[in-house]
Structure formats: C-alpha cells, structure tokens
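Each chain, written out:
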Amino acid sequence: MASAGPTLATKPEAWPACVAMPDGSAHPLLGFGTYKVEVVPGSASSSTNTASRSAQEVIADALSSGYRMFDCAQFYENEAQIGAALRDSKVPREELFLISKVWTNVIYEGADAIRKQVDKTLTDLCTDYIDLYLIHWPVPGKHVAAYQTLEALKAEGKLRNIGLSNYTIEDYEELKPHAKVPPAVNQIEINPFLYRKKTIEYFQGQGVVVQSYRTLRQAKELANPTIVAIATKHSRTPAQVLGRWCVQKNIVYIPKSEKKHRMEENADVFGFELDAEDFAKLDAMTVPENLETFKTLYEKCVVRDTPLADSREGVKLNVTLD
C-alpha cells in the first residue's frame, strides 16, 4: 500500500493553501518571486532592463494582495531591499515563509563561502532563520558537498528546511547516497510549454515538493489560443489558468509582477478547477524544441560564474529532459 505521505502541520491562517514538506511542516502553495524587484542583477540575461518600482512599494503591494512566501536568492542581488521592506511592513515573522538560494560561484568556493553567504542573507533579510534554503544549480563536482554544508546549517538552526533548484533526476541520484536530510523541494521551470512530466513525477514520488518558476512563461504565451479558450470557458484570465494548472497538480506556484492588479489576479487561483479536458490540452503543449532549449540552458547554468564555465568539465550531457 502506498504511503500517505507526511502529515501537514498547522499552517498560519494567512496562507491560502499548503503542501506538506517531508518533515510534515507546511509549505505555501502560492509564493511571490523577487527576481528583478528594484535591482536588476548585473549578470542577468537582460541586465539593460531597469526596475520600475522600489522594493518597499512592490513588497507592500504583494503583502496586501495576500502573498506571504517570498522567493529570494543571492543571485538576485536585492535581498537587503526585500528584507528592509518586509521588516518595515510589520507583518509578523511567523506569517512569512522566506526562501533563498546560494549561487554557483559560492557553491564552487565551498563550505566557508556558503556559510558566509548564509549569514549575509540572514542579515539582509532581517531574520535569524530562513524557512527554506536551496542549491540554485547543481554545480558539477561541488553540489554534493554544498548540500552537506546546508545540512550542517540546518542542524545549527539557521535554516529550517533545505532543498534543491534546477536538479535533474540524474543530479538527485548523484546526491541521494550522500544526503542525510532529504531535500524538501526542487524548484524548476514548469508550465504547459515546458512540462517535464517524468521529472516532476519522479521528484514527487521521492517525497520532494516541486516548486515552479516561470509558471506564467514571462507572459509570453498569455495570448495563446488554447490558453485563451480555456480561460474563457471558466470566466478566468489566461494567467489564472496557468496558475491553476500548476497548483491543481500540487506544484508550488511562484508568480511575479510589479503591478498590484496583476498580483491580485495571479493569486486568485483557488476558486475554480480545471477539468480533464483542460488538462489533456494543457499537458500536451510541450514541444521537443522546448526540451532542447532547457537542455542548452541547463548545461550552461550549472557552471555559470565558475571556473568551469569555459571547459564545462563534469557537466552531464545525457540528463532526463522530460
């Protein structure tokens, strides 16, 4: 008989819906992405863009729209601004769920650098613990030791939960024999145009909560006829259809917008359900070209900003794409 999975601990009333992490603690199903809030990272692919609103304004609007989970990262270069905005909001810390991620350059440098980065994030986010801390990319030859450092930091109480981001099945199989603490989550790009069903089902089968980024495909597919037709059928917006597709699969949904009406729209995904016909259409939208684009990005990013970037030494070339 299949295991029923962990029992969900009591969640704060401010969280609209949750899933259980391996230890039974609650993880919000809805979060807010902070990439390019106030600061556009210098090494971002579109670093010529400029942030239009301050973190104070964006975070205040996100909180008033019901968001309590905030997805941050070293790479985003704005944790100090996000932390100040959350501090000034006066929202109780216990209502918040804060995520951060350690970037490839620090992963490559090793344990001391990771510890220093975690301490910086704690200071920047104005907190004495992080709810969830992730390995941003599985740097070849380095990510296993990095995860073991996170295990130690969790034991010290600085990190409540630890996990992964952008891991393939093969990366996790490499890590698993060395991990004493099961990863709570794996954060990967998920949307109907990059629906890696085998990978998602593998991690969920391992008891790992799956988080989605780019669920809304950076708004590039909101006019797609299939998405629009399903939205019309349910008297919803295309963005809400994409968000609902995600949460109805028990995948954590992390949209981002700097416009308050979009924040509210994106969060309003718990009052309707997609049917089997909708899922059949949405689940069939991933084309081989999108999987190849993912493969190219993966091979680049696991060594990005490290001494391995040119040689790509150790990069896995035959990972599971779907």
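Check the entry above for the structure.
What counts and what doesn't
- Per chain, residue numbering runs from 1 following the sequence as it is written.
- Owing to the predicted nature of the model, reporting of local features is limited to residues with pLDDT of at least 70; listing and counting of side-chain atom pairs is limited to 80 or more, with chain, interface and lining totals taken over all residues.
- Only hydrogens and water are removed before side-chain values are computed, so all heavy atoms of the structure are retained for them.
- Pairs of cysteine sulfur atoms within 2.5 Å are what we label disulfides.
- A 1.4 Å probe rolled over the protein chains alone gives each residue an accessible area, and that area as a share of the maximum for its type sets the label: buried under 20%, exposed over 50%, partly exposed in between.
- By convention a nonpolar core is built from buried Ala, Val, Leu, Ile, Met, Phe, Trp, Tyr and Cys residues, the set being connected through side-chain atoms within 4.5 Å.
- Helix and strand assignments follow DSSP, with helices taken as H or I runs no shorter than four residues and strands as E runs no shorter than two, numbered in order from the N terminus.
- Whether two residues touch is decided by their heavy atoms; if any such pair falls within 4.5 Å, the residues are in contact.
- Between the rings of Phe, Tyr and Trp (Trp by its six-membered ring), a pair exists once the centres lie within 6.5 Å; its type follows the angle of the planes, with under 30 degrees stacked, over 60 edge-to-face, and the other angles tilted.
- Two limits define a charge over a ring: the Lys NZ or Arg CZ must be within 6 Å of the ring centre, and within 35 degrees of the ring normal.
- Only when DSSP finds a minimum of two bridges between them are two strands counted as paired.
- Crossover handedness is defined here as right-handed if the route from the first strand over the helix to the second strand goes clockwise, with the strands pointing away from the viewer.
- The term salt bridge refers to a side-chain nitrogen of Lys or Arg lying within 4 Å of a carboxyl oxygen of Asp or Glu.

Asks: Explanation requested: the state of the cysteines in the structure shown.
Replies: What we call a disulfide is simply a covalent bond connecting the sulfur atoms of a pair of cysteines. For the structure shown, the criterion picks out zero disulfides. With no disulfide of its own, Cys18 lies closest to Cys246 among cysteine sulfurs, the gap being 15 Å. A residue is classified by how much of its surface remains accessible, and Cys18, at 15% relative accessible area, is buried. Free of any disulfide, Cys301 has its nearest neighbouring cysteine sulfur in Cys72, separated by 19 Å. When its relative accessible area of 4% is taken as the criterion, Cys301 is described as buried.

Asks: When you look at the nonpolar core in this model, what are you seeing that I'm missing?
Replies: Nonpolar side chains in soluble globular proteins tend to end up buried together. Judged by nonpolar contacts, the single largest core of 104 residues is most densely connected at Phe70 and Phe203. For this core, the element with the highest residue contribution is helix α9 (residues 238-247), accounting for six residues. Once residues lying within four places of it in the same chain are set aside, the contact partners of Phe70 are Phe32, Thr34, Ile59, Ala62, Leu63, Leu86, Leu96, Phe97, Leu98 and Ile99.

Asks: What is the right way to look at the packing of aromatic side chains in this model?
Replies: Any two aromatic rings considered together are summarised by their centre-to-centre distance and by the angle between their planes. For the structure on display, the rule yields 11 aromatic pairs. One aromatic cluster is present, formed by Tyr35, Phe75, Tyr76 and Trp103 through successive ring pairs. Over the aromatic face of Tyr129 sits the side chain of Arg93, whose NZ or CZ is 4.0 Å from the ring centroid. Positioned above the aromatic ring of Tyr129 is the side chain of Arg160, whose terminal nitrogen or guanidinium carbon lies 3.7 Å from the ring centre.

Asks: Would you take a moment to explain the pairing of strand β6 (residues 132-135) for this structure?
Replies: Two faces belong to every sheet, and in a regular strand the side chains alternate between them. Burial along β6 is two-sided: Leu132 and Leu134 and Tyr133 and Ile135, pointing in opposite directions, are all buried. Here four bridges tie strand β5 (residues 97-102) to β6, and the two strands are oriented parallel to one another. Each bridged residue has a counterpart across the sheet, and for Ser100 the counterpart in β6 is Tyr133. Here β6 runs beside strand β7 (residues 162-165); their pairing, made up of three bridges, is parallel. Across the sheet, residue Ile135 finds its bridge partner in β7, namely Leu164. Note on the crossover from β6 through helix α5 (residues 143-155) to β7: the handedness is right-handed.

Asks: Explain unusual backbone geometry to me, please; I cannot follow it from the model alone.
Replies: Glycine aside, a negative phi is what most residues show, and trans is what most peptide bonds show. Its identity as a non-glycine residue notwithstanding, Gln218 has a phi of 55°, on the positive side. Following the sequence through the fold, Gln218 ends up in the loop between β9 (209-213) and α8 (225-233). One non-glycine residue, Ala219, adopts positive backbone phi at about 65°. Residue placement: Ala219 occurs in the loop between β9 and α8. Exposure remark for Ala219: the relative accessible area of 48% places this residue in the partly exposed category.

Asks: Could you clarify how one ought to interpret the pattern of salt bridges in this entry?
Replies: Between side chains of opposite charge, a pair can form as their charged atoms come close. Applying the stated rule across the entire model yields 24 salt bridges. Two residues, Asp171 and Lys316, come together in a salt bridge whose shortest N-O distance is 2.9 Å. In this pair, Asp171 is assigned in helix α6 (residues 169-175) and Lys316 in the segment after α12 (288-301), connecting sequence segments 145 residues apart. When its relative accessible area of 0% is taken as the criterion, Asp171 is described as buried. Asp278 serves as the salt-bridge partner of Lys233, at 2.9 Å between the closest nitrogen and oxygen. Placement of the pair is Lys233 in helix α8 and Asp278 in helix α11 (residues 276-282), with a sequence separation of 45 residues.

Asks: Help me understand α9, please; the structure alone is not making it clear to me.
Replies: Among the 10 residues of α9, 10 are classified as buried, and the element is accordingly described as predominantly covered. Those residues of α9 not exposed but buried are Pro238, Ala239, Gln240, Val241, Leu242, Gly243, Arg244, Trp245, Cys246 and Val247. Buried-residue contacts for α9 involve β9, α8, β10 (252-253), α10 (260-267) and α11.

Asks: How do you make sense of helix α2 (residues 79-89) when you look at a structure like this?
Replies: Counting along an α-helix, one turn takes 3.6 residues, and residues three or four places apart therefore face a common direction. Taken residue by residue, α2 has Glu79, Ile82, Gly83, Ala84, Ala85 and Leu86 as its buried positions. Buried residues along α2 sit in contact with α1 (55-64), β4 (69-71), β5 and α4 (111-124). Backbone geometry just downstream of α2 places Lys90 in the positive-phi region, at approximately 70°.

Fair warning: the whole summary comes from geometry, so function is off the table for now.
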